[in-house]
Amino acid sequence: MTERVELFSYSPDRADNQRRDRRRVAALLNSHYRIENDHKQPSETPVTSDLDRQSFDAQRYFDSMVASGQLQELMKTKTDIESQVRSLDGGMQRLVFENYNKFIRATDIIKQMKFTIEGLDPDLQCLEEHIGKLDGHQNIAEDGVCGRARQIESLLKQQRVCKKLQVLFGLPTTLKRCLDSGNFGQAVQAYCCCAGFLRQYRDMPTFQKVLEDVDQQMGCIRSALESRLRSPELSVDEAVNSSMTLLDLREDQNRVAAEYLTGRAAMLKQSLDRCFMTLRKKVGLESEHVLLEGAGLKGADGVAGAKPLSPSSDQAELERPESVKLRTACIRATDNYVPQLCDAVEGFQKLQDFRSAAGDGQATTTSIDDTILLSFVELRVKDVCEQISEVVKEKCPPAQVLVSCMHFLRDCFKRLHDMVPRLLTKLFMDFMSRTALSAMKAIFRAASAHLVAELCRLHEQCKRLQESKDSGLDDVLEEIAKTEQSLLMHGFQALVDCQPLLHLLGSDRPSCQQLMRGLHDQLITFFSAFVVTCDTYIWREPPSTRNHKTSLPFANDDGISMQLNEAANLDWSGLFGLALVRIGRHLEVKAINKVWAVANELFVNGETIDCALQPPPPGVVTATRQAAEAMITRYVMVSGQR
């Protein structure tokens with residue numbers, strides 16, 4: 001009791017010590033906050049620094065404050081310090097209380113865990129006894145079945161071996177069944193699984209007999225696959241699968257590829273024959289108009305840079321029989337032949353990719369020769385181009401329709417162009433160039449035939465005027481002028497009709513230059529028609545029935561020959577002979593050069609064709625002059641005899 005009284009009794013020294021401790025703690029805390037808030041309260045630095053000193057004298061500091069008249073500041077500082085002390089005391093009490101609560105709670109949890117663990121001891125002992133019993137029963141079971149398990153394992157191994165032997169001995173029957181059903185892939189798979197074992201133990205008579213039967217069946221399968229691969233009725237996918245099956249059998253790669261392409265060539269030939277069969281028979285063209293409209297062949301409107309036609313003339317050109325025939329041929333080829341050709345090339349590429357990791361995955365030392373594929377594509381593309389060329393040569397459609405069809409055909413080969421771009425570009429440029437030259441020849445042949453026909457018509461007019469009493473010299477000169485104008489218009493129209501052919505060649509400079517050389521030759525041919533007509537009229541027989549020698553080229557066309565035969569049968573008319581002399585003189589002086597000048601204006605564009613057309617050769621003018629001289633000589637001779 002005395003101790004408790006001493007503890008709670010008041011002592012001045014003890015109060016001083018408590019105040020000193022509180023002041024020290026406050027100084028420390030104030031020092032801490034002063035460091036952090038030094039930039040916010042710079043005016044408090046002297047006060048707090050004096051209070052925090054170890055040699056701080058409170059009485060002296062108080063006297064100095066009173067003497068300096070800063071009592072209000074002193075009271076304010078006192079109030080702040082007491083507030084901070086109370087806040088710190090409250091925080092310390094709260095921390096102590098929280099730590100005490102955590103300690104009590106942790107003590108309770110430890111007591112509960114101890115009680116729980118002590119309660120599990122009986123259960124753990126029981127579990128340990130059960131585990132021991134299970135170990136004992138397991139040992140007894142293992143001892144009982146150990147011998148039987150070894151026997152069962154041995155029997156299972158024997159069973160697996162017997163099943164393998166059963167598969168081996170039944171392999172010939174399996175291969176025969178696959179051969180009869182055409183399931184060659186399954187046959188090759190079975191053969192590849194068993195052939196290695198049979199060849200490894202071929203010294204054993206039993207396996208040797210099985211191997212002989214297997215080789216015999218595989219020979220039949222190889223023959224069946226090769227025969228099937230050459231069949232044109234086989235689809236591309238089936239042909240690729242058959243080729244891959246042969247490659248699995250370690251057949252020669254290039255031979256398998258050649259057999260594959262042989263079969264695809266036969267298939268494509270049949271497809272091409274079907275496409276053009278009705279065209280040769282001239283059957284079924286009437287039913288193609290709906291197909292043509294759906295295929296997008298709308299005529300010359302789709303030709304880049306082509307001169308647009310009026311609706312009436314455009315429709316008339318599209319409905320001409322030769323236009324319908326060509327458009328039908330292009331659509332049939334692009335709908336049937338071209339997709340099959342692209343599929344065949346893609347199948348060949350699959351064979352190349354397959355062979356790089358075929359069979360057991362071993363790398364191959366050789367690869368399929370790419371020239372086989374290039375040769376195949378070249379021949380097949382030339383086949384379809386040749387068929388189209390035959391249609392054009394039979395009767396050439398208008399140039400704008402021809403250009404539209406050729407562009408449509410070229411666009412449909414884009415898929416194949418992506419696979420063999422260089423080859424297809426070369427083939428199509430050659431085809432376009434040949435087609436343009438062929439069309440140009442057809443256009444100028446028609447113009448030459450019209451020229452001969454106009455001269456024959458002039459003969460009739462001259463006879464009529466000669467027999468008429470009312471006609472005079474002016475009427476004769478008018479008819480001659482009309483004929484001259486018609487002759488030149490046929491030449492100009494031929495040039496205009498040939499101009500769209502430039503769009504077939506695009507920007508290929510050599511082909512455009514070749515077309516210009518062809519144009520030069522055709523202009524010579526056109527004017528040579530006048531020379532040959534005069535010669536025929538003089539000698540009274542066409543040039544095909546005599547040894548006609550001339551330095552000028554002239555196409556022996558059926559249409560022109562018919563017109564020349566008509567000219568050979570014309571009665572002699574002096575007035576007509578003089579008209580031919582006048583026309584020949586006008587052609588020699590200015591008409592020939594005028595036609596050449598128009599040709600330069602139409603065809604020389606400064607880009608792909610930057611050089612002018614070669615001037616007319618002297619032989620053209622000379623031959624025209626000689627024809628007129630021969631005609632006047634004939635006129636003098638006949639008139640003199642009369």
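Residues numbered from 1 in each chain as written. Predicted model: local features only at pLDDT ≥ 70, side-chain atom pairs only at ≥ 80, totals over all residues. Heavy atoms only, no water.

## Let's talk about the overall build of the chain
Within the chain, the secondary structure is distributed over 23 helices and zero strands. The proportion of buried residues among the 642 residues of the chain is 38%. Residue pairs in contact within the chain that sit at least 24 positions apart in sequence constitute 80% of those at least 6 positions apart. Element-wise, carbon and sulfur atoms account for 54% of the exposed surface of the chain, whose accessible area totals about 38,000 Å². (Helix = DSSP H or I, 4+ residues; strand = E, 2+ residues; numbered from the N terminus. Buried < 20%, exposed > 50% of the residue type's maximum accessible area, 1.4 Å probe, protein only. Contact = heavy atoms within 4.5 Å. Areas by Shrake-Rupley, 256 points an atom, 1.4 Å probe, with all protein chains shown as cover.)

## Observations concerning the packing of aromatic side chains
Scanning the entire structure with this criterion turns up six aromatic pairs. Consider the rings of Phe-428 and Phe-431, whose centres lie 6.0 Å apart with planes at 90 degrees: the pair is edge-to-face. Linking Phe-428 with Phe-431, this pair stays in helix α17 (residues 421–467), spanning three residues, or about one helical turn. Among the residues examined, Phe-428 registers a relative accessible area of 6% and is labelled buried. Residue classification places Phe-431 among the buried positions, given a relative accessible area of 0%. Members of the aromatic cluster, joined through ring pairs, are Phe-413, Phe-428 and Phe-431. Arg-634 extends its terminal NZ or CZ atom over the ring of Trp-572, reaching a point 5.9 Å from the ring centre. (Phe/Tyr/Trp six-rings, centres within 6.5 Å; stacked < 30°, edge-to-face > 60°. Lys NZ or Arg CZ within 6 Å of the ring centre and 35° of its normal.)

## Describing the side chain of His-520
With respect to the helices, strands and loops of the structure, His-520 is situated in helix α20 (residues 509–539). With residues up to four places along the chain from it excluded, the contact list for His-520 reads Trp-596, Leu-613, Gln-614, Pro-615 and Pro-617.

## Regarding the confidence of the model for the chain
Per-residue pLDDT for the chain averages 77, and the proportion of residues at 70 or more is 78%. Mean pLDDT across the elements of the chain ranges from a minimum in helix α1 (residues 2–8), with 39, to a maximum in helix α16 (residues 414–419), with 91. Segment residues 1–11 is flagged for pLDDT under 50; beyond a separation of four residues in sequence, or across chains, it makes four contacts in the model. With pLDDT under 50 throughout, residues 355–365 is counted as low confidence; its partners more than four residues away or in other chains account for nine contacts. (pLDDT = per-residue confidence, 0-100.)

## As for the packing of α17 against helix α18 (residues 473–498)
For the pair α17 and α18, interaxial distance at closest approach is 9 Å and the crossing angle is 170 degrees. By the angle between their axes, α17 is roughly antiparallel relative to α18. In the contact of α17 with α18, the residues fall into 14 nonpolar, five polar and six charged. (Axes fitted to C-alpha atoms, helices over the stretch in contact; angles between N-to-C directions. Parallel < 35°, antiparallel > 145°, perpendicular 65-115°, else oblique. Nonpolar A, V, L, I, M, F, W, Y, C, P; charged D, E, K, R; others polar.)

## Remarks on the pattern of salt bridges
Within the structure shown, the criterion is met by 19 salt bridges. Here Arg-410 makes a salt bridge to Asp-411, at a shortest N to O gap of 3.5 Å. Classification of Arg-410 by relative accessible area gives partly exposed; the value is 38%. A salt bridge links Glu-588 to Arg-625; its shortest N-O distance comes to 2.7 Å. Of this pair, Glu-588 sits in helix α22 (residues 574–603) while Arg-625 sits in helix α23 (residues 618–641), placing them 37 residues apart in sequence. For Arg-625, a relative accessible area of 32% gives the class partly exposed. (Salt bridge = Lys/Arg side-chain N within 4 Å of Asp/Glu carboxyl O.)

## Quick word on a nonpolar patch on the surface
A surface patch of nonpolar side chains, about 330 Å² in accessible area, is lined by Tyr-100, Phe-103 and Ile-104. Within the secondary structure, Ile-104 is located in helix α5 (residues 71–169). (Patch = residues over 30% accessible without salt bridge, like charges linked within 9 Å, V, L, I, M, F, W, Y side chains within 5 Å.)

## Regarding the environment of Leu-564
Position of Leu-564 relative to the elements: it lies in helix α21 (residues 558–568). Among the residues examined, Leu-564 registers a relative accessible area of 4% and is labelled buried. Here the alpha-carbon distance between Leu-564 and Ala-449, two residues 115 residues apart in the chain, equals 8.7 Å.

## Here we look at the nonpolar core
In this structure, Tyr-260, Val-381, Met-406, Phe-413, Leu-416, Leu-495 and Leu-519 are the most contacted members of the largest nonpolar core, which totals 144 residues. By residue number, the principal contributor to this core is α17, which donates 21 residues. (Core = buried A, V, L, I, M, F, W, Y, C linked by side-chain atoms within 4.5 Å.)

## Regarding the packing of helix α8 (residues 205–229) against helix α9 (residues 236–248)
How two helices sit against one another is set out by the angle between their axes and by the gap between those axes. Interaxial distance between α8 and α9 falls to 10 Å at its minimum, and their mutual angle equals 145 degrees. For α8 against α9, the interelement crossing comes out left-handed. Every residue of α9 that contacts α8 at Arg-222, Leu-225, Glu-226, Arg-228 and Leu-229 is listed here: Glu-238, Ala-239, Ser-242, Ser-243, Thr-245 and Leu-246. Considered class by class, the residues forming the contact of α8 with α9 number four nonpolar, three polar and four charged. (Left-handed = near helix turned anticlockwise from the far one by under 90°.)

## Considerations on α9
Here α9 is 13 residues long and its end C-alpha atoms lie 18 Å apart, about the 18 Å a rise of 1.5 Å per residue gives. Just downstream of α9 lies Arg-250, where phi reads positive at about 65 degrees. (Expected span 1.5 Å × (residues − 1).)

## Digging into the environment of Gln-253
Checked against the element boundaries, Gln-253 lands in helix α10 (residues 253–281). The buried category is assigned to Gln-253, whose relative accessible area is 6%. Between the alpha carbons of Gln-253 and Gln-352 there is a distance of 9.0 Å; along the sequence they are 99 residues apart.

## Some points on the side chain of Thr-533
You can see Thr-533 is positioned in helix α20. Beyond its immediate chain neighbours, meaning those up to four positions away, Thr-533 contacts Val-452, Leu-455, Leu-564 and Ala-567.

## A few points about the environment of His-586
Position of His-586 among the secondary structure elements: in helix α22. The exposure class assigned to His-586 is partly exposed, which follows from its relative accessible area of 24%. A sequence separation of 39 residues divides His-586 from Arg-625, and the C-alpha atoms of the two residues are 9.9 Å apart. In this structure His-586 touches Glu-484 and Ala-591, once residues within four positions along its chain are discounted.

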